[in-house]
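Results of the structural survey
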Amino acid sequence: MTASFLNRFGTRRALLVGCLVFVALVVTGCSSGKAAYNIRPQFFWDSLLKPDSAIINGLGLTIGISVIAQLIGVTMGVFAAMGRMAKFLPFRLVANFYIWVFRGTPLLVQLSFFYYGLATAGLFRWPTVVAGPIDILPQVLAGIVILGVNEGAYMAEIVRAGILAVDPGQTEAAKSLGMTYGQTMSRIVLPQAARVIIPPLGNEFNNMLKTTSLLSALSIFELYNTFSVSAGHSYATFELFAACAVWYLILTTIWGVVQSRIERRFSRGTTTSNSSGVGPRNKGFAARFMSLRAPIEQ
Amino acid sequence: MTTVSDNLLGAIGGVPRPETDVVVDARDVNKYFGRLHVLKDVCLQVKRQETVVVIGPSGSGKTTFIRCVNHLEKIQGGRIFVNGHLIGYRETGGGKLVEDREKNISLQRQEIGMVFQRFNLFPHMTALENIVEAPIHVRGIPEEEARVVGRALLERVGLAAKENVYPNQLSGGQQQRIAIARALAMKPALMLFDEPTSALDPEMIGEVLEVMKELAREGMTMIVVSHEMGFAREVANRVVMMDDGVVVEEGTPDQVFSAPSQERTKTFLSKIL
Ligand SMILES: Nc1ncnc2c1ncn2[C@@H]1O[C@H](COP(=O)(O)OP(=O)(O)OP(=O)(O)O)[C@@H](O)[C@H]1O
Ligand SMILES: [Mg+2]
């Protein structure tokens, strides 16, 4: 009974529900009767069920920053990986230096240095960027870029592993057709490397969602900082950080579901077996996703 | 069995005209892998519309040689001309050779089709996409036009029904025929084949050889590394025997197979026959 429930709902979702119930019980239970405990469940429930605009804002920032920083990270990672594998020595040196520095120092130090450090020394001030209806504040811009560049150093290794997993015969076939290095990479190698890159990329994004909490150091009101400040005002530290944790759990859990779906679809149709038939179903999403573009003809 | 009904080269607008009578002119080619001397003063000329079959024991340098012809391998000595153009290198003032720019090498490779032992089709593209990829993105031919040519090629290699199928759903023989069509779609002046049937199950060898024979008869210039005697006897103008990085013997199929002049050729033939 429990097992089939778990199977149907997925372990992650079951865990989430369980966790919510547990926290709710603790929060509610501890507060009933015993005056010794200072717990006000209202704070917990309100920030989950009736989130105010600050929380909504924080959620939006956390998600938005994560997505853009991850995109920057993937792009930087692709270039750094190609740099590491380049024949031209200076490219290798630059790529290795970049990876060495950003993996070898704490993100918090990077954030402080590139935001506060550069500005205080009078070297560089991050500008406000107007993107359509919204202004991206300097600290948010800095946060996105530094997170992205930091992430790129980690993505580089993942992308490199992906590229190395592609049969060298593919590169040779592409070259023999007259493709340049750039065409070979973008049209032949990277679309195939994506198969290997996507699962760890999903884990990186899970990390990214949580790592954005460090941006509180730049006074960005993402999810963690929003809760942190209101906890400071209300002293409902226990209730609010519990709610904050639940919000992160919701984000990472939703992402987990999305991720496993992407991976499943992705591996479909790319196997070498013929078992699922030659019908058009096989070359739907998986194939399109692999080639990163729509097939020429359906 | 596939019947290659219509003219294969008709699909790409006739026999691509090589610019010179001697399409391949390899002079004293020397190649080392580290300290291993793999090609030793190899000379080979292939005239327009000729089919040359290269045979020789494993490790004799056959693959290495044809990979040098489209500069998938660097050479350390000698020169290879295709269509009168020096492949992979340009001469400096002092007569020294330096490796050419990537862009020029890519341009040269567009004129040279290559078919690999293990097909190397792009697994993330359908049969037709494999064929039109380079014409569209390398040659810059309009998509519609490339697809018309691609479909015609698929039909001529007997796989018109497979245009939307991915390589992993095709047999080895079918994949290799598509690989040949993919190379032909670039309208190359020269085709290189590296043991195109040796990774195939016996029952699929015939269908691939059939396409290659057709190509040879229609006047494509080809270098074929293969131990398929029947194929060589039927369409080869010349057979070249390599051993230990050296061309030991060269002649018509009859000369080489029936009356080899070199001891090494005799030994080798006695092993594969
Ligand atoms: N990338 C490489 N690095 C080092 N040595 C190599 C490399 N490729 C080939 N060789 C060596 O060069 C020699 C010639 O190899 P090549 O593949 O050209 O032979 P072949 O005639 O094609 O043999 P086969 O019939 O087995 O395909 C062999 O001794 C081989 O071990
Ligand atoms: Mg070989």
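See the structure shown above.
The following refers to the structure shown. (Residues numbered from 1 in each chain as written. Chains lettered and ligands numbered in written order. Predicted model: local features only at pLDDT ≥ 70, side-chain atom pairs only at ≥ 80, totals over all residues. Heavy atoms only, no water.)

Looking only at helices and strands, one finds 12 helices and two strands in chain A. Each helix and strand of chain A, ordered N terminal to C terminal, gives the series α-α-α-α-α-α-β-β-α-α-α-α-α-α. (Helix = DSSP H or I, 4+ residues; strand = E, 2+ residues; numbered from the N terminus.)

All names here are of chain B. Near ligand 1 you find F33, L36, V38, P57, S58, G59, S60, G61, K62, T63, T64 and E195, and these make up its full shell. Within the complex, 58% of the 640 Å² of free accessible area of ligand 1 lies under protein. For the shell around ligand 1, the elements supplying multiple residues, two or more each, are strand 2 (36-47) and helix 1 (62-69). The leading source of residues in the shell around ligand 1 is helix 1, at three residues. (Near = heavy atom within 4 Å. Areas by Shrake-Rupley, 256 points an atom, 1.4 Å probe, with all protein chains shown as cover.)

This part is about the sheet that holds strand 5 (residues 85-86) of chain B. All names here are of chain B. Strand order across the open sheet formed by four strands is 2-1-4-5, with antiparallel pairing between neighbours. Two strands close off the open sheet at either side, each with one partner strand: strand 2 and strand 5. Of the strand pairs in this sheet, strand 4 (residues 77-82) and strand 5 are connected by two bridges, and their pairing is antiparallel. Bridging from a neighbouring strand, V82 pairs with H85 of strand 5. In the packing of helix 1 onto the sheet, contacts are made with strand 1 (22-33), strand 2 and strand 4, and the angle to strand 2 comes to roughly 60°. (Pairing = 2+ DSSP bridges. Contact = heavy atoms within 4.5 Å. Axes fitted to C-alpha atoms, helices over the stretch in contact; angles between N-to-C directions.)

On to unusual backbone geometry. At Y235(A), a residue that is not glycine, the phi angle is positive and equals roughly 60°. Topologically, Y235(A) is positioned in the loop between helix 10 (223-234) and helix 11 (237-267). Positive phi is not limited to glycine here, since K187(B) has a value of about 50°. With respect to the helices and strands, K187(B) occurs in the loop between helix 5 (172-184) and strand 9 (190-194). On the basis of relative accessibility, which here comes to 36%, the residue K187(B) falls in the partly exposed class. (Buried < 20%, exposed > 50% of the residue type's maximum accessible area, 1.4 Å probe, protein only.)

Right, let's talk about the pattern of salt bridges for a bit. Taken as a whole and assessed by the stated rule, the structure comprises 26 salt bridges over all chains. The partner of R139(B) in a salt bridge is E111(B), and the shortest N-O contact between them spans 3.5 Å. Of this pair, R139(B) sits in helix 3 (residues 127-139) while E111(B) sits in the loop between helix 2 (102-109) and strand 8 (112-115), and the two are 28 residues apart along the sequence. Residue class for R139(B) comes out partly exposed when judged on its relative accessible area of 30%. In this structure E111(B) comes out as partly exposed when scored by relative accessible area, which is 28%. Through salt bridges with shared partners, one network takes in E172(A), K31(B), R67(B) and E73(B). (Salt bridge = Lys/Arg side-chain N within 4 Å of Asp/Glu carboxyl O.)

Time to look at the environment of R67(B). With respect to the secondary-structure elements, R67(B) resides in helix 1. Between the C-alpha atoms of R67(B) and K271(B), which are 204 residues apart in sequence, the distance is 26 Å. In this structure R67(B) touches E172(A), L72(B), E73(B) and M114(B), once residues within four positions along its chain are discounted.

Residues and elements named next belong to chain B. In terms of nonpolar packing, the biggest core is built from 56 residues, with L153, I180, L184, M191 and L215 touching the most fellow members. Of all the elements, helix 6 (residues 202-218) adds the most residues to this core, at eight residues. The contact partners of I180, leaving out residues within four places of it in the chain, are V115, M191, F193, V208, V211, M212 and L215. I80, F116, A134 and M186 belong to the second-largest nonpolar core, a separate cluster that totals 41 residues. (Core = buried A, V, L, I, M, F, W, Y, C linked by side-chain atoms within 4.5 Å.)

Residue and element names in this part refer to chain A. Look at helix 6 (residues 107-120): 19 Å from first C-alpha to last across 14 residues, which is about the 20 Å you get at 1.5 Å a residue. Helix geometry: helix 6 is bent most strongly at F113, by close to 35°. Buried within helix 6 we find L107, Q110, L111, Y115, L118 and A119. Lining the buried residues of helix 6 we find helix 5 (89-104), helix 7 (138-164) and helix 9 (181-211). Of the residues one or two after helix 6, G122 is the one with positive phi, at around 75°. (Expected span 1.5 Å × (residues − 1). Bend = angle between axes of the 7 residues up to and from the residue.)

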